[in-house]
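Architecture and fold: a report
Listed below, chain by chain, are the residues.
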Amino acid sequence: MNLSRRTVLAATGATAAISATTFATSAGAAHAQSGDTAEERVEAAGTVGFDALLQRAETLLTGGAFDPSDADFAAAAAALDATAKGLWEALDHGAGRTALWPDLSPVTDPGNFGQSYTRLRTLATAWATPGTSLAGSAEAADALVAALRFAHDTAYNPAKRETGNWWFWEIGAPRALMDCSVLLRDHLPAADLAAYLAVVDRFCPDADRRTNSPTLAETGANRTDKAVIVALRGLLGQDAAKLASARDALSDVRDSGRNSLFRYTSSGDGFYQDGSFVQHDVVAYTGTYGAVLLGGAAHLLSLLADSEWAVADPSVSVMYEAVERSFAPVVFDGLMMDAVRGRAISRERAGDHRDGAAAVAAILLLATGAPAAYADRWRELLKGWLTRNRTTPFASLATLPQLALAKAVLNDRTIHPGPRTTGHFVFADMDRVVHRQARWGCTLSLSSKRISAYEAGNGENLHGWYTGDGMTYLYDGDDLGQFNDGFWPTVDPYRLPGTTVDTRERTDLGTGAGTSTYRPTNAVAGGAVLQERYGAAAMELIGPAGTTLRTKKSWFLLDNAVIALGAGISSSDGRTVETIVENRNLGPNGTQRLLVDGVRQPAQQGWTQKFGHARWAHVDGVGGYVFADLTDLHALREERTGTWRAINTGADTGGSTDPVTRRYLTLWVDHGVSPAGAGYSYVLLPGASAAATAVWSHSRPVRIVANDTTAQAVEARRQGLTAVNFWGAGTAAGITASGPASVLVQRRGRELTVAVADPSRTLTSLTVELPFPVSRVVTADDTVSLAPGRRPVLTVAVGGSRGHTHTATFS
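Remember, it's a predicted structure, so these values are computed and weren't measured experimentally.

Calculation rules
Residues numbered from 1 in each chain as written. Predicted model: local features only at pLDDT ≥ 70, side-chain atom pairs only at ≥ 80, totals over all residues. Heavy atoms only, no water. Helix = DSSP H or I, 4+ residues; strand = E, 2+ residues; numbered from the N terminus. Rg over C-alpha atoms; globule rule 2.2 N^0.38 Å. Buried < 20%, exposed > 50% of the residue type's maximum accessible area, 1.4 Å probe, protein only. Contact = heavy atoms within 4.5 Å. Areas by Shrake-Rupley, 256 points an atom, 1.4 Å probe, with all protein chains shown as cover. Lys, Arg positive; Asp, Glu negative; His and termini not counted. Charge placed at Lys NZ, Arg CZ, Asp CG, Glu CD. Pairing = 2+ DSSP bridges. Phe/Tyr/Trp six-rings, centres within 6.5 Å; stacked < 30°, edge-to-face > 60°. Lys NZ or Arg CZ within 6 Å of the ring centre and 35° of its normal. Axes fitted to C-alpha atoms, helices over the stretch in contact; angles between N-to-C directions. Expected span 1.5 Å × (residues − 1). Polar contact = N/O pair within 3.5 Å; in protein donor to acceptor, adjacent residues only side chain to side chain. Core = buried A, V, L, I, M, F, W, Y, C linked by side-chain atoms within 4.5 Å. Parallel < 35°, antiparallel > 145°, perpendicular 65-115°, else oblique. Left-handed = near helix turned anticlockwise from the far one by under 90°. Nonpolar A, V, L, I, M, F, W, Y, C, P; charged D, E, K, R; others polar. Salt bridge = Lys/Arg side-chain N within 4 Å of Asp/Glu carboxyl O.

Turning our eyes to something else, we now look at the overall build of the protein chain. Scanning the protein chain for helices and strands turns up 18 helices and 37 strands. Over its C-alpha trace the protein chain gives a radius of gyration of 28 Å, about what one expects of a compact globule, namely 28 Å for 811 residues. When its C-alpha atoms are laid out on the principal axes, the protein chain stretches across 80 × 60 × 50 Å. Counting every position in the protein chain, which comprises 811 residues, the buried fraction comes to 61%. Pairs at least 24 residues apart make up 68% of the contacts formed inside the protein chain by residues separated by at least 6 positions. Carbon and sulfur atoms make up 49% of the accessible area of the protein chain, which amounts to about 29,100 Å² in all. Counting 74 positive and 82 negative side-chain charges, the protein chain places the centres of these two groups 6 Å from one another.

Below you can see the structure in the form of structure tokens.
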């Protein structure tokens, strides 16, 4: 961090945050002599000791001093104060109390004592923050000390046995308890502090292991959460061994690094080299657990910086690389794409903007100590996100310490806002595809026998049945509220954009304890990317028990268009099958104009119409839809009312029963009852005008050359591009493949570039015959070999490549 940024932080009142988060390049350089005490070793090394680290831990919670005349800081402090005052007024102070808050009774329930500790942390933070109504109050301090003692004696102590959700016992409650203890440390009687350290030693003694199942190694976000808890326990107890244990848990030095957070994994939880992040073994979870992991790692790196226990593992670069490799593609103007948020989509108090803000906060904190080569790029990226998100500004969601770091970036004139991320990203290891253009983004949520179609449980995500069946998320820079504005409780869950569905009635998911996932039996899910610009994606849809639905789905993602093809749609269940082209949230009062073949359609709610042989449609503020074959298109305007409680009844995350009403415009293709060999073909033109959509429909700059169960293929002549998804051995668009494959070929001048992937992961070798003569290899992955000629043959060693793309350029 350079001097100008230090100066700006100081100017925004974040001087304390700097001391809490600045790294030293020589951290950990001086090592202890075995006979010295911890404090003697710290003094000899010239590094930060226990007291300074505890002050740092407090600053990470409160943000330190801030300028009360700054409107953003004043608003954040006022928001904290308002929340704290509500909790303070509702807190039961009585000697005979059985719970701390009436709605969290009995306190012995894990969810109730877990949330009670979280509320106590909010009160303690307000007490420790200047300018709030509770700041420095002796009455509040005494009440908090008494409340912590009550919760310990009644519900959460070493004599208790874990029941219910383990997370409250081993992560939620101990983290909030340690935070409270940090903030109140000068007011806690020694006996109380000793008791709280003992309860942490009982339920979270080691970040490496699940306490209630010691043979189970903690991974991913759970490991970082526990590492922070163990570190705080070490600081409060002045236990150097605990601090070393917390640090080492990030690298897992006791397990040969097999569960290290600073390594790329090839199975289960963690970051993958292609940018994927998986938690719970089979769930794409960059947006929640991934952000928690990043935030926890950033917190611990900052907390222990300059100390004897500073993280010195060079493999921490894996965490740095994840910012641009894993997070940047799935953050759109500060919001986190729902396709990587798992069951959190059903949480009323989460939302894509809030989870996006959590990722922003984690990266801001990580940047304070990362090498300049990383941090300088991140700050430009962050400034772009922070300035473009005017729908839900970061300042409205941030805590005071997060706000201090954000304002440091915003107020630094040497940092220029970075543009939106662009490119095509295939996250093969979590079955997600992201296509980013300057003004829009498109994300495909796929699933397979490797990655779950959804996660539900603990009362969450009750209607997530089809979220992994090819749901297509369209993001527009002018409409950042599409999926955040009451979408999930009001959308028709049987008509998610991009999906092909059997209209049978489904029962709620996840109503029992614990979480569950569903992995379909299909092998094909994924695709190939050419020059980080164009993509071909495919998913074979095999319906779950209770339906015989089968189809083969493809998407071809280009500069200004997404071509969606479906073939072999078959079902024998006597029910209607539909493919959903669009289901757009128009907000509470939306009347956006719909044109079909240039004719304006009615705007009243409840209107529906079938259009025989439609050629194109257009929705104002969204874009165009072109139907490659004359299509029987159905359209519907409807006002839908739902509640968050209907999709999330979780004890700690359950939504309200307040009705939410939103208007929707839905476009779909009806394949009829028990279709046999049906198909569809349509083109999304995000952001296109009605005139541009009509021109596109007439000129057809992209030609569909195959759409059957052998192959689906398109040609974009202006770009010299041919893209094919093969479902087995076959020929399409002049290209022949020996098995299932995604192939993109671009011919420009005398050069030919080819990208090949095996999205089924069933092959060891794949041959691709091209219709263009080539004579020599310009550049190629070492997995690609060429037999030149007028119809050259590529042999691609795809075995073990995990569905990733192999590329070569020929002349």
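Looking at chain direction, strand S22 (residues 608-619) and strand S23 (residues 623-642) are connected through 9 bridges and run antiparallel. What sits directly across from phenylalanine 611, in S23, is leucine 633. Following S22, the chain reverses through 3 residues before pairing antiparallel with S23; glycine 621 in that reversal takes a positive phi of roughly 80°. Bridge count between S23 and strand S25 (residues 678-686): 5 bridges; the pairing is antiparallel.

The subject of this paragraph is the packing of aromatic side chains. Using the criterion set out here, one finds 29 aromatic pairs in the structure. Pairing tyrosine 320 with tyrosine 374 gives two aromatic rings, centres 5.2 Å apart and planes at 45°, and the pair type is tilted. Remark: tyrosine 374 occurs in helix H15 (residues 372-388) and tyrosine 320 occurs in helix H13 (residues 317-327); sequence separation between them is 54 residues. Like tyrosine 320, the residue tyrosine 374 is buried in the burial classification. Three or more aromatic residues link up through ring pairs in this structure, and these residues are Phe332, Tyr473, Tyr475, Phe483, Phe487, Trp488 and Tyr664. Arginine 119 extends its terminal NZ or CZ atom over the ring of tryptophan 101, reaching a point 5.4 Å from the ring centre. If you follow arginine 210 out to its NZ or CZ, it ends over the ring of tryptophan 166, 3.5 Å from the centre.

Note that the residue after serine 105, namely proline 106, is joined by a cis bond; omega there is 5°. The backbone phi angle of aspartate 281 is positive, close to 75°, even though this residue is not glycine. Checked against the element boundaries, aspartate 281 lands in the loop between strand S4 (277-279) and strand S5 (283-284). Positive phi is not limited to glycine here, since serine 674 has a value of about 45°. Note that serine 674 resides in the loop between strand S24 (660-673) and S25. Using a relative accessible area of 26% as the deciding quantity, one classes serine 674 as partly exposed.

Tracing the chain through its elements places alanine 217 in strand S2 (residues 213-217). Linking alanine 217 and asparagine 259, residues 42 residues apart in sequence, is a C-alpha distance of 7.6 Å. Here alanine 217 is in contact with Asp208, Arg209, Arg223 and Asn259, once residues within four sequence places are set aside.

Spatially, the 4 strands line up as an open sheet ordered S8-S9-S10-S12, and their pairing is antiparallel. The open sheet is flanked by strand S8 (423-427) and strand S12 (471-476), the only strands paired with a single partner. When strand polarity is set aside, the average angle formed by the axes of neighbouring strands in this sheet is 10°. As paired strands, strand S10 (residues 440-445) and S12 are joined by 6 bridges and run antiparallel to one another. Bridge assignment links cysteine 442 to a residue of S12, and that residue is leucine 474.

Here we take up the sheet that holds strand S28 (residues 721-726). Strand order in this open sheet of 7 strands is S26-S27-S28-S31-S32-S37-S34, and the pairing throughout is antiparallel. Among the strands making up the open sheet, the edge pair consists of strand S26 (702-707) and strand S34 (777-780). The average angle at which neighbouring strand axes cross in this sheet is 10°, direction not considered. Here strand S27 (residues 711-716) pairs with S28 via 6 bridges, running antiparallel.

A separate point is the side chain of glutamate 460. For glutamate 460, the location among the structural elements is in the loop between strand S11 (454-457) and S12. The exposure class of glutamate 460 is buried, given its relative accessible area of 3%.

Below, the discussion takes up helix H16 (residues 400-410). Summarising burial for H16: 9 of the 11 residues are buried, a large majority. If you check which residues of H16 are buried, you get Leu400, Pro401, Leu403, Ala404, Leu405, Ala406, Lys407, Ala408 and Val409.

The element strand S9 (residues 432-436) is extensively covered by neighbouring structure, given that 5 of its 5 residues are classed as buried. Here S9 shows no split at all, with Arg432, Val434 and Arg436 on one side and Val433 and His435 on the other all buried. In terms of strand pairing, S8 meets S9 through 5 bridges, oriented antiparallel. Note on S9: the bridge partner recorded for phenylalanine 425 is valine 434. In textbook terms, the turn of a hairpin is the stretch between consecutive antiparallel strands, and for S8 and S9 this stretch comprises 4 residues, one of which, aspartate 431, has a positive phi near 55°. Pairing geometry for S9 and S10, over 5 bridges, is antiparallel. Note that in S10 the partner of valine 434 across the bridge is threonine 443. Between S9 and S10, which pair antiparallel one after the other, the connecting turn spans 3 residues.

We now examine helix H7 (residues 138-154). Its 17 residues give H7 an end-to-end C-alpha distance of 24 Å, which sits within 8% of 24 Å, the value for a rise of 1.5 Å per residue. Where H7 begins, the side chain of serine 137 points an oxygen toward the backbone nitrogen of glutamate 139, at a separation of 3.3 Å.

Further remarks concern the environment of leucine 144. For leucine 144, the position within the fold is in helix H7. In this structure the C-alpha to C-alpha distance between leucine 144 and histidine 187, which are 43 residues apart in sequence, comes to 9.7 Å. Beyond its immediate stretch of four places on either side in the chain, leucine 144 contacts Leu120, Leu123, Ala124, Trp127 and Leu184.

The biggest cluster of nonpolar side chains holds 168 residues, and the ones touching the most others in it are Tyr117, Leu120, Trp378 and Trp488. Every residue in contact with tryptophan 488, bar those within four places of it in the chain, is listed here: Asp338, Ile345, Thr467, Met471, Tyr473, Phe483, Leu496, Trp644 and Ile647. Residues Ala617, Ala678, Tyr680 and Tyr682 belong to the second largest nonpolar core, which totals 38 residues.

Between helix H6 (residues 110-127) and H7, the least distance of the axes is 11 Å, while the angle of their chain directions is 160°. The pairing of H6 with H7 is recorded here as roughly antiparallel in orientation. Handedness of the H6/H7 crossing: left-handed. Contact residues: H6 offers Tyr117, Leu120, Leu123, Ala124 and Trp127, while H7 offers Ala140, Ala141, Leu144, Ala147, Leu148, Ala151 and His152. In terms of residue class, the contact of H6 with H7 is made up of 11 nonpolar, 1 polar and no charged.

It is possible for side chains of opposite charge to pair when their charged atoms get near one another. As enumerated under the stated definition, the model contains 40 salt bridges in all. Its salt-bridge partner being arginine 210, residue glutamate 218 comes within 2.6 Å of it at the nearest N-O pair. Residues glutamate 218 and arginine 210 agree in their burial class; the two are buried. Between arginine 575 and aspartate 502 there is a salt bridge, and its shortest N-O distance comes to 2.8 Å. Taken together, the residues span a long stretch of sequence, with arginine 575 in the loop between strand S18 (562-570) and strand S19 (576-587) and aspartate 502 in strand S13 (residues 500-502) at a distance of 73 residues. One network of salt bridges, with partners in common, ties together Glu170, Arg210, Glu218 and Lys226.

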